[in-house]
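As a plain string of letters, each chain reads:
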Amino acid sequence: MMPDDPIKAQTQNLVQELRRGVIVLAVLSQLHEEQYGYSLMKCLEEQHMQIDQGTLYPLLRRLEEQSLLESDWRVEESRPRRYYRLSSFGEKVLEEMAKEWSILKNTVDELLF
Amino acid sequence: MKLINLYLDEVGRHLIAKNREDILKEIQSTLMDTIEDRNPHPGQGPDEELVKSVLQEFGAPRKVAHQYTEHSYLIGPRFFPLYLQILKIVLIVIAALNMLGLIMTIINPSGVGNNLLEALAQIMGGLFSSLFTGFGVVTLVFAGIERTTPEAWKVKVEQQWNPDDLLAQEDRKTIKVIELAVEITFTMIFIVLLNFFLDRIGIYYLTETGWVSAPILNDNFLRYVPWLTAANVLSIILNLFLIRQGYWDKRATIAKLLINALTIAINLAILIGPEVITISPSAWQKLNFDIGATAQEVSRGMNIGLDVLMGLSIFGLIVESIKRIYETFIKGSHTRIEIESE
């Protein structure tokens with residue numbers, strides 16, 4: 001019989017890879033309303049979508065560079081915070097992506113079950 | 001706060017200048033939010049252990065900075081195979097040129113004074129430094145190409161590939177890159193000899209002061225030097241192009257035919273033109289060969305020999321040209337240059 005650990009380890013690796021693919025979708029989905037980095041992370045965490053800080057912040061910057069997000073700095077509680085929200089371009093892209101995700105999800109479900 | 005500032009300084013050192021301030025400001029803001037959120041005594045300053053654990057979780061400064069910078073290659077995966085190919089050729093050519101220098105020193109030690117060993121050591125040292133220089137120059141050139149070529153262009157080149165290319169290359173005959181590299185090396189050696197050491201092509205004899213050379217090519221030969229140089233430089237350019245492209249196509253074939261035509265014309269001019277070899281009677285005397293021929297007779301003999309060589313060369317070039325025309329225009333196959341992989 002195969003030991004349990006290698007199966008778990010390999011599964012973990014592949015699941016991580018799978019999650020990497022959907023992180024963008026998850027992040028965009030939570031930015032219809034503006035959020036700063038930490039609050040976004042908490043919000044995703046509460047919905048069981050844990051994203052490493054080292055992944056999230058650079059990702060937010062990249063999405064902004066791609067014009068999917070907009071951001072501005074604001075001083076709150078004597079601390080500057082950067083607030084991110086979807087741009088109108090980002091809204092449209094997210095809408096399309098949601099449709100694609102739905103198709104993909106159904107396809108994979110059909111393949112699997 | 002001190003720890004956080006030190007941490008930010010460290011991250012900043014690994015970030016590129018662009019956006020550095022902004023990224024650090026954002027990291028600081030996030031760290032403060034995290035610490036505040038986890039502080040068991042809100043309103044009071046966080047204790048050092050908490051700050052440390054948050055920093056630990058955030059990650060090593062270098063790693064954090066790295067996540068903000070795009071992967072940058074000195075030479076990216078698209079150019080790397082070509083880089084290795086060119087590097088191999090350049091290093092072979094440099095080694096071969098140095099070996100030629102070594103052989104010339106052994107054959108003709110008169111030019112290097114009395115200490116042959118010292119001269120050899122110098123050549124070996126020169127070999128290593130020129131190999132390193134070659135390596136450095138090729139790497140720098142490719143790094144430059146990597147930096148200046150727009151990403152879109154790199155992708156476009158890949159997209160231009162067409163499955164029909166496979167059919168066109170079917171039934172291909174392979175030429176090894178190494179053969180082209182050797183050809184380039186010898187062509188370069190020939191150009192160097194022709195332009196800088198023409199007087200060294202001659203008869204060598206020992207006198208009391210050491211080895212002396214008497215050139216055998218006379219002034220009649222000089223008029224051919226620029227033409228021979230041009231034909232050989234063009235030939236090197238074509239070979240480099242072939243290595244780059246990987247196969248013979250119509251353009252390369254036409255270029256090859258033009259170069260061959262030029263070489264045939266030069267060879268023909270040497271063949272029908274005035275004699276180009278003259279052996280100096282005094283040198284011939286010094287050699288003291290035990291044959292009853294005068295320097296003049298030997299010169300004539302050598303000129304006839306050279307003419308035969310030129311004739312054979314013309315014949316060879318014509319055969320090669322016909323073969324090339326057949327391969328490209330009649331058979332229509334692209335001759336593939338095989339990239340050797342170790």
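This is a predicted model, so every value here is computed, not measured.

1. Description of the overall build of chain A
Next up, step 1: Secondary structure summary: chain A contains four helices and three strands in total.
Next up, step 2: Listing each helix as α and each strand as β along chain A from the N terminus yields α-β-α-α-β-β-α.
Next up, step 3: Considering chain A as a whole, with its 113 residues, one finds that 19% of them fall into the buried category.

2. What to know about the overall build of chain B
Next up, step 1: When you go through chain B residue by residue, the secondary structure sums to 14 helices and four strands.
Next up, step 2: For chain B, the proportion of contacts with a sequence separation of at least 24, taken over those separated by at least 6, is 74%.

3. Description of the nonpolar core
Next up, step 1: Counting eleven residues, the largest nonpolar core is built from Tyr7(B), Val11(B), Leu15(B), Ile23(B), Ile27(B), Leu31(B), Val51(B), Val54(B), Val64(B), Ala65(B) and Tyr68(B).
Next up, step 2: Counting only elements with at least two residues in this core, the list comes to helix H1 (2-13), helix H2 (20-38), helix H3 (48-58) and helix H4 (61-68) of chain B.
Next up, step 3: Discounting residues that sit within four places of it in the chain, Leu31(B) has contacts with Ile4(B), Val54(B) and Phe58(B).
Next up, step 4: Core analysis: the next-biggest nonpolar cluster, separate from the first, contains ten residues, Leu63(A), Leu68(A), Tyr84(A) and Leu86(A) among them.

4. Observations regarding the sheet that holds strand E1 (residues 35-36) of chain A
Residue and element names in this part refer to chain A.
Next up, step 1: As summarised here, the arrangement of the three strands in space is E1-E3-E2, forming an open sheet in which the pairing is antiparallel. The sheet is open, and its two borders are formed by E1 and strand E2 (69-76), each paired with just one other strand.
Next up, step 2: Here E1 runs beside strand E3 (residues 79-86); their pairing, made up of two bridges, is antiparallel. Each bridged residue has a counterpart across the sheet, and for Tyr36 the counterpart in E3 is Tyr83.

5. Observations concerning unusual backbone geometry
All names here are of chain A.
Next up, step 1: The phi angle at His48 is positive, at roughly 65°, despite the residue not being glycine.
Next up, step 2: Note that His48 resides in the loop between helix H2 (37-46) and helix H3 (53-65).
Next up, step 3: Here His48 falls in the exposed class, since 6 other C-beta atoms lie within 10 Å of it.
Next up, step 4: Here the phi dihedral of Ser67 falls at roughly 65°; this positive angle occurs in a residue that is not glycine.
Next up, step 5: Locating Ser67 in the fold gives a position in the loop between H3 and E2.
Next up, step 6: A tally of 12 C-beta atoms within 10 Å means that Ser67 is categorised as exposed.

6. Here we look at the interface of chain A and chain B
Next up, step 1: Listed as interface residues are ten residues of chain A and, on the opposing side, 13 residues of chain B.
Next up, step 2: At the level of elements, H2, H3 and E3 of chain A are the ones that each hand at least two residues to the side of chain A that touches chain B.
Next up, step 3: Class assignment of the residues belonging to the side of chain A that touches chain B gives a composition of four nonpolar, three polar and three charged.

7. Thoughts on helix H11 (residues 225-245) of chain B
Next up, step 1: The end-to-end C-alpha separation of H11(B) is 30 Å, in line with the 30 Å expected for 21 residues at 1.5 Å each.
Next up, step 2: One or two steps after H11(B), the chain reaches Gly246(B), where phi turns positive at roughly 95°.

8. A closer look at the environment of Val64(B)
Next up, step 1: Relative to the helices and strands, Val64(B) resides in helix H4.
Next up, step 2: By the C-beta count within 10 Å, which is 23 here, Val64(B) ends up buried.
Next up, step 3: Placed 50 residues apart in sequence, Val64(B) and His14(B) show a C-alpha to C-alpha distance of 8.9 Å.
Next up, step 4: Ignoring any residue separated from it by four or fewer positions in sequence, one finds Val64(B) in contact with Gly54(A), Val11(B), Phe58(B) and Gly59(B).

9. Observations concerning the confidence of the model for chain B
All names here are of chain B.
Next up, step 1: Summary statistics for chain B give a mean pLDDT of 80 and a share of 83% for residues scoring 70 or more.
Next up, step 2: Model confidence for chain B, summarised as mean pLDDT per element, is weakest for strand E4 (residues 336-338) at 57 and strongest for helix H12 (residues 250-272) at 92.
Next up, step 3: Across the assembled chains, the prediction reports ipTM 0.82 with pTM 0.52.

10. Some details on the environment of Gly202(B)
Residue and element names in this part refer to chain B.
Next up, step 1: Position of Gly202 relative to the elements: it lies in strand E2 (residues 202-207).
Next up, step 2: Note on Gly202: 17 C-beta atoms within 10 Å, which makes it partly exposed.
Next up, step 3: Taking the C-alpha atoms as reference, Gly202 lies 9.8 Å from Ser280; in sequence the two are 78 residues apart.
Next up, step 4: Dropping the residues within four chain positions of it, Gly202 is found in contact with Ser213, Ala214, Pro215 and Ile216.

11. Side note on the pairing of E3(A)
Residue and element names in this part refer to chain A.
Next up, step 1: The sheet contact formed by E2 and E3 spans eight bridges and is antiparallel. When the bridges of E3 are listed, Ser71 appears paired with Tyr84.
Next up, step 2: Where E2 hands over to E3, the hairpin turn is made up of two residues, of which Glu77 adopts a positive phi near 50°.

12. A word on the packing of helix H9 (residues 177-196) of chain B against H11(B)
Residues and elements named next belong to chain B.
Next up, step 1: The contact between H9 and H11 brings their axes to 10 Å, and the two run at 160°. The orientation of H9 with respect to H11, classified from their angle, is roughly antiparallel. The interaxial crossing formed by H9 with H11 has left-handed handedness. Residues Val177, Leu180, Glu183, Ile184, Thr187, Met188, Phe190, Ile191, Leu194 and Asn195 of H9 lie in contact with H11, whose contacting residues are Val225, Leu228, Thr229, Asn232, Val233, Ser235, Ile236, Asn239, Leu242 and Ile243.
Next up, step 2: When the residues that make up the contact of H9 with H11 are grouped by side-chain class, the tally is 13 nonpolar, six polar and one charged.

13. Looking at H9(B)
Residue and element names in this part refer to chain B.
Next up, step 1: Over its 20 residues, H9 extends 28 Å from the first C-alpha to the last, a length consistent with the 28 Å expected when each residue adds 1.5 Å.
Next up, step 2: When H9 is considered as a whole, its buried residues turn out to be Val177, Ala181, Ile184 and Thr185. The buried residues of H9 occupy an angular sector of 100° when the element is viewed end-on, so they sit on one face.

Procedures and definitions
Residues numbered from 1 in each chain as written. Chains lettered and ligands numbered in written order. Predicted model: local features only at pLDDT ≥ 70, side-chain atom pairs only at ≥ 80, totals over all residues. Helix = DSSP H or I, 4+ residues; strand = E, 2+ residues; numbered from the N terminus. Buried ≥ 20, exposed ≤ 12 C-beta atoms within 10 Å, placed from the backbone. Contact = placed C-beta atoms within 7 Å. Core = buried A, V, L, I, M, F, W, Y, C linked by C-beta atoms within 7 Å. Pairing = 2+ DSSP bridges. Nonpolar A, V, L, I, M, F, W, Y, C, P; charged D, E, K, R; others polar. Expected span 1.5 Å × (residues − 1). pLDDT = per-residue confidence, 0-100. Axes fitted to C-alpha atoms, helices over the stretch in contact; angles between N-to-C directions. Parallel < 35°, antiparallel > 145°, perpendicular 65-115°, else oblique. Left-handed = near helix turned anticlockwise from the far one by under 90°. Arc of directions from axis to C-beta.

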